[in-house]
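Structural description and commentary
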Amino acid sequence: MRVFVGALDFFWQIVGNQRLQPILAAILNRLLVVPAFELQHVQRAVHLRDLRLHVGPPFLEHSLALGISGRALGAPFHEQPDVLDLHPRLLQAFDDPKRLEFRIAESANAGRPLQAREQSLLVVIPQRGNGQTEHLRHLSDCVHGVLRINLKFKALPDRRLCSADRYLAHVMMDTMLSPLKKPDQAVAISVFVPCELLQEVKLNPYNVESFSCYLSASSVSRPCIELAEANGVPETLCSYHKTFIGAAQRGFMPRPKCIVYTNLTCDANMLTFKTLAELFNVPSFEIDVPDAVSEASVSYVADQLRNLARFLENQTGRVIDENALRVRVERGKRTLETYKKFHQLRRGKDIPSDLVSPLYAAMTSNILLGSEEEEYYVNQLVEDAKKAASKQGVHIYWMHTIPYWSEATARDFAFSDRAQIVGCDIGQLCEPEFDTEDPYRAMAWRMVHNNLNGGALRRIEAGITHAREVGADGVVWFNHWGCKHTIGASQLAKRKFEEAGLPFLVLDGDGLDSAHGGEGQTATRLDAFLEMLEA
């Protein structure tokens, strides 16, 4: 193959010993990634230098060939920056290996010595759309394999989203980038750890759910799950946790400075984070939250959070100022109050959304609570709700995680005139009814009074309240594979919601792993449920 030297500037273009695969880096760098070449037995640090698809006669090949750098591409083959929109003639080029050229080169500017590497290196091609992957199956022997991807992530936030959710998409991207760009300032956490303390010591958190979702979006989750299961992790464990463990075992994740986790709600945390602490050989801190929702439990957890503050100070060398912490906690309370106001305002309103934005909102309401960015987001939500048009279609309140990868679910709810998801319980887990004078006690109150703590009836009653608050026509209870807390309460929830006059659907599936299947059943059951509500 002829050599065309160009620059493909992934923000981490070298794998080396940086413990991150280029495919993840590309996604986090706001590229839409579809296929990926896999090169076997890479001995030295290499990266893709250039790719060209020749779609015309030889004398036009330089003008018609498309490079894959992240820079803007020449018309007429693009619609958005950094995204290739493949022309039909380019698809034909995929069928002919002789018309595809790419160069693999040793890195000349690694910046530091890199270790020799036996494992595969993924070389990523950013492009637009989902249908082109099949064409890559016919490439020449120089390409070892193709990673099949059905990727829903957009390079730029969809303009159909409200302004607040477009802002949130960028905030979530930056939140994911921070621990990857600076792993020495990263902390691996479980969801519901109060992150105001982490913000005060300048640590960037990444948790099981959000990190695993990004791996799933790049179709890396299935190999991670398989590796975790091969190493003894039970098949029945939550797929988010299996992906997280497998990613650590494969070296996809940055080695954090420390680990902070809690037993709140999810028993998988106890296995996952103890495994990671041993694998990474880093200090860890566990927050024990009692099931009993009482003042004694709040005091018990508050004492642990004070110890956590000392732990974080020792790990980072920074001092947590209690006055500054109080300001963060007060901001977090205002944020929760404003978010509650938004849900009251969005009743009877049409605010189009995709399946990812509610998950972003749930994640940032934990990771970024207390930050200026999260407060700005909820304030913007209120403004968007005030300007929104009147309701269209059926309004659904969703309980538990959303299978964002599911085409059947997207058909009915993503920018659909037929139905909208108007609320999700994992983003509304605590009422803003705590005193902020003692910031440690305030954070402990949020943990103990979390709607998922204690008996299942607390979560169910909160869900009924929130569904009524947003004027939901019906409720979907999503039994995510491996979540015993949700699956075990589903029949009780069905009875209680229906007694409250809210039509209710129990939907089985997997919020992360598309290989779990069940799309046909999902489509059939959702369609029947919506037809009933429309009647």
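Rules used throughout
Residues numbered from 1 in each chain as written. Predicted model: local features only at pLDDT ≥ 70, side-chain atom pairs only at ≥ 80, totals over all residues. Heavy atoms only, no water. Helix = DSSP H or I, 4+ residues; strand = E, 2+ residues; numbered from the N terminus. Buried < 20%, exposed > 50% of the residue type's maximum accessible area, 1.4 Å probe, protein only. Arc of directions from axis to C-beta. 1 Å grid on protein atoms, 1.4 Å probe; cavity = no way out; pocket = protein on both sides within 12 Å on 5 of 7 lines; lining within 4 Å. Points joined across faces, edges and corners; volume = space filled by probe spheres on them. Nonpolar A, V, L, I, M, F, W, Y, C, P; charged D, E, K, R; others polar. pLDDT = per-residue confidence, 0-100. Contact = heavy atoms within 4.5 Å. Pairing = 2+ DSSP bridges. Axes fitted to C-alpha atoms, helices over the stretch in contact; angles between N-to-C directions. Polar contact = N/O pair within 3.5 Å; in protein donor to acceptor, adjacent residues only side chain to side chain. Phe/Tyr/Trp six-rings, centres within 6.5 Å; stacked < 30°, edge-to-face > 60°. Salt bridge = Lys/Arg side-chain N within 4 Å of Asp/Glu carboxyl O. Parallel < 35°, antiparallel > 145°, perpendicular 65-115°, else oblique. Left-handed = near helix turned anticlockwise from the far one by under 90°.

Concerning unusual backbone geometry
The phi torsion at F192 lies on the positive side, around 85°, for a residue other than glycine. Structurally, F192 can be placed in the loop between β7 (186-189) and α5 (196-200). Backbone geometry places T265, a non-glycine residue, at a positive phi of 75°. Along the chain, the position of T265 falls in the loop between β9 (258-262) and α9 (268-280).

Details of helix α7 (residues 221-230)
Residues S221, C224, I225 and A228 constitute the buried set of α7. Down the axis of α7, the sector holding all buried residues measures 100°, keeping them to one side. Phi turns positive, to about 100°, at G232, one or two residues after α7.

Quick look at the layout of surface pockets
The space that makes up the second largest pocket amounts to roughly 470 Å³. Lining the second largest pocket we find 19 residues, and of these Q199, N204, L368, S371 and E373 sit closest to its centre. Listed by contribution, the elements that provide at least two residues to the lining of the second largest pocket are α4 (163-181), β8 (204-207), α11 (322-345) and α13 (372-387). The biggest single contributor to the lining of the second largest pocket is α4, with five residues. Among the residues making up the lining of the second largest pocket, the classes are represented as six nonpolar, six polar and seven charged.

Observations concerning empty space enclosed by the protein
Going through the model one piece at a time under the given rule, you end up with eight cavities of 30 Å³ or more. Of the volumes computed, that of the largest cavity is approximately 230 Å³. Looking at the largest cavity, it is lined by 18 residues, and the ones nearest its centre are Y339, F342, P358, I421 and V422. Here the residues of the lining of the largest cavity are counted per class, giving 11 nonpolar, five polar and two charged.

Notes on the confidence of the model for the protein chain
Of the residues in the protein chain, 70% reach a pLDDT of 70 or more, and the chain-wide mean stands at 75. Low confidence marks residues 1-155, where pLDDT is under 50. Its contacts with residues over four positions away, or in another chain, come to 320 contacts.

A few points about the sheet that holds β8
In space, the four strands of this open sheet follow the order β8-β7-β9-β10, with parallel pairing throughout. Where the open sheet ends on each side, the last strands, each with one partner, are β8 and β10 (284-287). Mean inter-strand twist for the sheet, computed between neighbouring axes without regard to direction, equals 25°. Direction of pairing for β9 relative to β10: parallel, over a ladder of four bridges. By the bridge assignment, Y261 is partnered in β10 with E286.

Describing the side chain of R326
Residue placement: R326 occurs in helix α11. For R326, a relative accessible area of 16% corresponds to the buried category. Within the structure, R326 has its side chain in polar contact with the backbone oxygen of E437 (distance 2.8 Å). Not counting residues within four places of it along the chain, the set of residues in contact with R326 comprises T436, E437 and P439.

Regarding the environment of M173
In this structure, M173 sits in helix α4. Considering only alpha carbons, one finds M173 and Y214, 41 residues apart in sequence, at a separation of 9.9 Å.

Digging into the packing of aromatic side chains
For the coordinates displayed, the defined rule picks out 13 aromatic pairs. With 5.5 Å between their ring centres and 10° between their planes, Y261 and F273 make a pair best called stacked. With Y261 in strand β9 and F273 in helix α9, the pair connects residues that are 12 residues apart, well separated along the chain. Owing to a relative accessible area of 4%, Y261 belongs among the buried residues under this scheme. Judged by relative accessible area, F273 falls into the buried class, the value being 0%. Ring geometry for W398 versus F413: centroids 5.9 Å apart, planes at 85°, classification edge-to-face. Of this pair, W398 sits in strand β13 (residues 394-399) while F413 sits in helix α14 (residues 407-413), and the two are 15 residues apart along the sequence.

Observations concerning the sheet that holds strand β16 (residues 504-509)
The parallel open sheet is built from four strands, whose spatial order is β14-β13-β15-β16. For this open sheet the edge positions go to β14 (419-424) and β16, each flanked by a neighbour on one side alone. If you compare each strand with its neighbour and ignore which way they point, the axes differ by 30° on average. Looking at chain direction, β13 and β14 are connected through five bridges and run parallel. Directly across from Y397, in β14, lies its bridge partner G423. Contacts from helix α16 (residues 456-469) reach β13 and β15 (474-480) within the one sheet, and its direction differs from that of β13 by about 160°. Along the sheet, helix α17 (residues 484-499) contacts β13, β15 and β16; its crossing angle with β15, the most-contacted strand, is approximately 170°.

Comments concerning the pattern of salt bridges
One pass over the full model with this rule turns up 22 salt bridges. Salt-bridge contacts for D438 lead to R306; the nearest nitrogen and oxygen are separated by 2.6 Å. Of this pair, D438 sits in the loop between β14 and α15 (439-448) while R306 sits in helix α10 (residues 295-316), placing them 132 residues apart in sequence. Residue D438 is classed as partly exposed on the basis of its relative accessible area of 24%. Among the ionic pairs, R418 bridges to E534, the shortest N-O distance being 2.8 Å.

A word on the packing of α10 against α15
One can describe the packing of α10 onto α15 by two numbers: an axis separation of 8 Å at closest approach and a directional angle of 120°. Taken together, the axes of α10 and α15 lie oblique to each other. As for the relative orientation of α10 and α15, their crossing is right-handed in sense. Seen from α10, the contacting residues are E295, S297, V298, S299, V301, A302, L305, R306, A309 and R310; seen from α15, they are Y440, R441, M443, A444, W445, M447 and V448. Residues of the contact of α10 with α15, tallied by class, amount to 11 nonpolar, two polar and four charged.

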